[in-house]
Amino acid sequence: MIFFDLDGTLLDHDYAARQGVAALYHTYSSDIKTTEDEFNIRWESLLETYYNEYLNGSLSFAEQRRIRIRQQFHKESVELNEQEADRRFALYLEVYEQSWRCYEDVVSCLDILRADQHRLGIITNGDNKQQLKKLNQIGIADMFSIIVTSSDAGYSKPHKQIFVDACARGEAALQECYYVGDRLEVDALGSKAAGMKGVWLNRTTQDKANDVMTINRLSELLQLVRTHVEDTP
């Protein structure tokens with residue numbers, strides 16, 4: 001069985017997030033002193049910080065949203081009350097959701113793998129409702145027989161148990177399952193440490209990882225799997 005990460009692997013999260021941040025920047029430009037690039041970099045940093053706090057249970061999903069938007073504008077010396085923070089985040093969210101899209105190589109890869117008789121699954125960190133909405137909106141939800149989210153599982157990647165539970169739900173042996181994701185530590189090495197065959201999808205450079213299998217585009221995945229099977233004693 002082949003499992004995939006969602007954001008950054010199948011769904012172009014960075015593109016969608018940039019569209020949402022651009023909407024904030026231009027709508028509230030009178031409040032903002034920094035450049036659009038600086039504004040976007042700050043957003044990415046705050047997302048990394050506070051989304052991780054949500055994943056480790058320190059903040060609720062709603063709380064991490066509110067603190068991110070308030071911190072975003074606090075750096076511009078603008079203090080938002082809760083109502084205004086929620087209103088501004090709603091603008092970001094509307095544009096972010098409208099901008100969800102697959103990478104160009106996703107659908108063809110999934111079609112080829114299914115034609116080759118591989119069962120497919122998802123293991124993703126995030127809110128169950130939002131992650132399912134993403135899969136449905138970009139039109140690929142029906143391609144997966146197992147969808148596991150961290151909010152549903154009670155564990156977030158790279159915790160071993162989320163990978164173990166996903167394979168158990170799929171009634172598939174852990175050591176025979178592949179996991180494909182764009183983050184080396186969280187996805188590829190995390191799944192490998194759990195006992196799976198970790199695959200790093202590195203779309204940005206031609207670098208390879210010494211410790212895990214690496215591909216630079218999803219079109220390489222089927223051949224990697226077939227070669228790996230052939231090479232396995």
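Residues numbered from 1 in each chain as written. Predicted model: local features only at pLDDT ≥ 70, side-chain atom pairs only at ≥ 80, totals over all residues. Heavy atoms only, no water.

### Comments concerning the packing of helix α1 (residues 13-27) against helix α4 (residues 82-98)
Quick note on the threshold: Only the stretch in contact is used when a helix axis is fitted, and all axes are lines through C-alpha atoms; the angle between N-to-C directions ranges over 0 to 180 degrees. Secondary structure follows DSSP: runs of H or I at least 4 residues long count as helices, runs of E at least 2 residues long count as strands, and numbering of each begins at the N terminus. For classification, angles of less than 35 degrees are called roughly parallel, those exceeding 145 degrees roughly antiparallel, those between 65 and 115 degrees roughly perpendicular, and all remaining angles oblique. Whether a crossing is left-handed or right-handed is set by the direction in which the near helix is turned from the far one by less than a right angle, anticlockwise for left-handed and clockwise for right-handed. Only heavy atoms enter the contact rule, under which two residues are in contact if any of them lie within 4.5 Å.
Close contact between α1 and α4 brings their axes to 8 Å; oriented N to C, the two are set at 140 degrees. Taken together, the axes of α1 and α4 lie oblique to each other. Here α1 and α4 pass one another in a crossing that is right-handed. Residue-level inspection shows His13, Ala16, Ala17, Gln19, Gly20, Val21, Ala23, Leu24 and Thr27 of α1 in contact with α4, the latter providing Arg88, Leu91, Tyr92, Val95 and Tyr96.

### Details of the environment of Gln130
In this structure, Gln130 sits in helix α6 (residues 128-137). Sequence-wise, Gln130 and Glu97 are 33 residues apart; in three dimensions their C-alpha atoms are separated by 9.6 Å. Apart from the residues lying within four places of it in its own chain, the contact partners of Gln130 are Phe61, Arg65, Leu93, Tyr96 and Trp100.

### Remarks on the layout of surface pockets
In plain terms, the rule: Only protein atoms enter the 1 Å grid, on which a cavity is a set of points fitting a 1.4 Å probe that cannot get out and a pocket is an open set with protein on both sides within 12 Å along at least 5 of 7 lines, lining residues being those with an atom within 4 Å of a point. Grid points are joined across faces, edges and corners, and a volume is the space filled by probe spheres set on the points. Residue polarity follows a fixed list, in which Ala, Val, Leu, Ile, Met, Phe, Trp, Tyr, Cys and Pro are nonpolar, Asp, Glu, Lys and Arg are charged, and the others, Gly among them, are polar.
There is about 960 Å³ of room inside the largest pocket. Along the wall of the largest pocket there are 43 residues; nearest its centre are Asp7, His13, Asp14, Leu47 and Arg183. Ranked by the residues each element gives to the lining of the largest pocket, the list is headed by helix α2 (residues 36-55), at eight residues. Here the lining of the largest pocket is built from residues that sort into 15 nonpolar, 13 polar and 15 charged.

### Let's talk about the side chain of His13
Mapped onto the elements of the fold, His13 is located in helix α1. Residues contacting His13, with those up to four places away along its chain left out, are Asp7, Gly8, Leu47 and Tyr96.

### Re the side chain of Thr149
In plain terms, the rule: For every residue, the accessible area (1.4 Å probe, protein chains only) is compared with the maximum for its type, and the residue is labelled buried under 20%, exposed over 50%, or partly exposed between those bounds. Think of a polar contact as two N or O atoms within 3.5 Å of one another; within protein, one of them needs to be a possible hydrogen donor and the other a possible acceptor, and neighboring residues in sequence only count if both atoms come from side chains.
The topology assignment puts Thr149 in strand β3 (residues 146-149). For Thr149, a relative accessible area of 0% corresponds to the buried category. One polar contact links Thr149 to Asn128, side chain to side chain, over a distance of 2.9 Å. Sequence-distant contacts of Thr149, that is, excluding residues within four places in its chain, are made with Thr124, Gly126, Asn128, Gln131 and Ile162.

### Remarks on helix α3 (residues 61-74)
Side chains three or four residues apart in an α-helix point the same way, a direct result of the helix having 3.6 residues per turn. Where we set the bar: A helix is expected to span 1.5 Å multiplied by its residue count minus one. Note that the arc is defined by the directions from the helix axis to the C-beta atoms.
Look at α3: 20 Å from first C-alpha to last across 14 residues, which is about the 20 Å you get at 1.5 Å a residue. The complete set of buried residues in α3 reads Phe61, Gln64, Arg65, Arg68, Ile69, Gln72 and Phe73. On an axial view of α3, the arc spanned by its buried residues comes to 155 degrees, and they lie on one face. Where α3 is buried, its residues touch α1, α2, α4 and α6.

### Here's the deal with the nonpolar core
Applicable threshold: Residues grouped as a nonpolar core are buried Ala, Val, Leu, Ile, Met, Phe, Trp, Tyr and Cys residues, joined through side-chain atoms within 4.5 Å.
Core analysis: the largest hydrophobic core is formed by 48 residues, its most contacted members being Phe4, Ile140, Phe144 and Leu221. Residues contacting Ile140, with those up to four places away along its chain left out, are Leu10, Cys102, Val106, Val107, Leu110 and Leu135. Of all hydrophobic cores here, the second largest spans 16 residues; its members include Met1, Ile146, Ala153 and Ala172.

### Focus on the sheet that holds strand β2 (residues 120-124)
Convention followed: Strands qualify as paired when DSSP identifies two bridges or more between them.
On the basis of which strands lie adjacent, the open sheet formed by six strands has the order β3-β2-β1-β4-β5-β6 and parallel pairing. The sheet is open, and its two borders are formed by β3 and β6 (213-215), each paired with just one other strand. Taking each pair of neighbouring strands and ignoring which way they run, the sheet shows an average axis angle of 25 degrees. Pairing analysis gives four bridges linking β2 to β3, with the strands arranged parallel. Its bridge partner being in β3, Thr124 is matched across the sheet by Thr149. Its contacts with the sheet place helix α8 (residues 160-169) against β1 (2-4), β2, β3 and β4 (178-181), and it is angled at close to 155 degrees to β3.

### Quick look at the packing of aromatic side chains
Note the cut-off: Pairing of aromatic side chains requires ring centres within 6.5 Å, counting the rings of Phe and Tyr and the six-membered ring of Trp. Pairs whose planes differ by under 30 degrees are stacked, by over 60 edge-to-face, and all others tilted. By definition here, charges over rings are those cases where NZ of Lys or CZ of Arg is within 6 Å of the ring centre and within 35 degrees of the ring normal.
Per the counting criterion, the structure on display carries 12 aromatic pairs. Relative to Phe61, the ring of Tyr54 has its centre 5.1 Å away and its plane inclined at 55 degrees; by these criteria the two rings are tilted. A residue is classified by how much of its surface remains accessible, and Tyr54, at 13% relative accessible area, is buried. Ring plane angle 85 degrees and centroid distance 5.6 Å describe the contact between Tyr96 and Trp100, whose orientation is recorded as edge-to-face. Trp100 shares its class with Tyr96; the two are buried. One aromatic cluster is present, built from ring pairs that chain together Trp43, Phe89, Tyr92, Tyr96 and Trp100. Over the face of the ring belonging to Phe73 we find Arg88, whose NZ or CZ atom lies 4.6 Å from the ring centre. Directly above the aromatic system of Tyr103 lies the positively charged group of Arg203, at a separation of 3.9 Å from the ring centroid.

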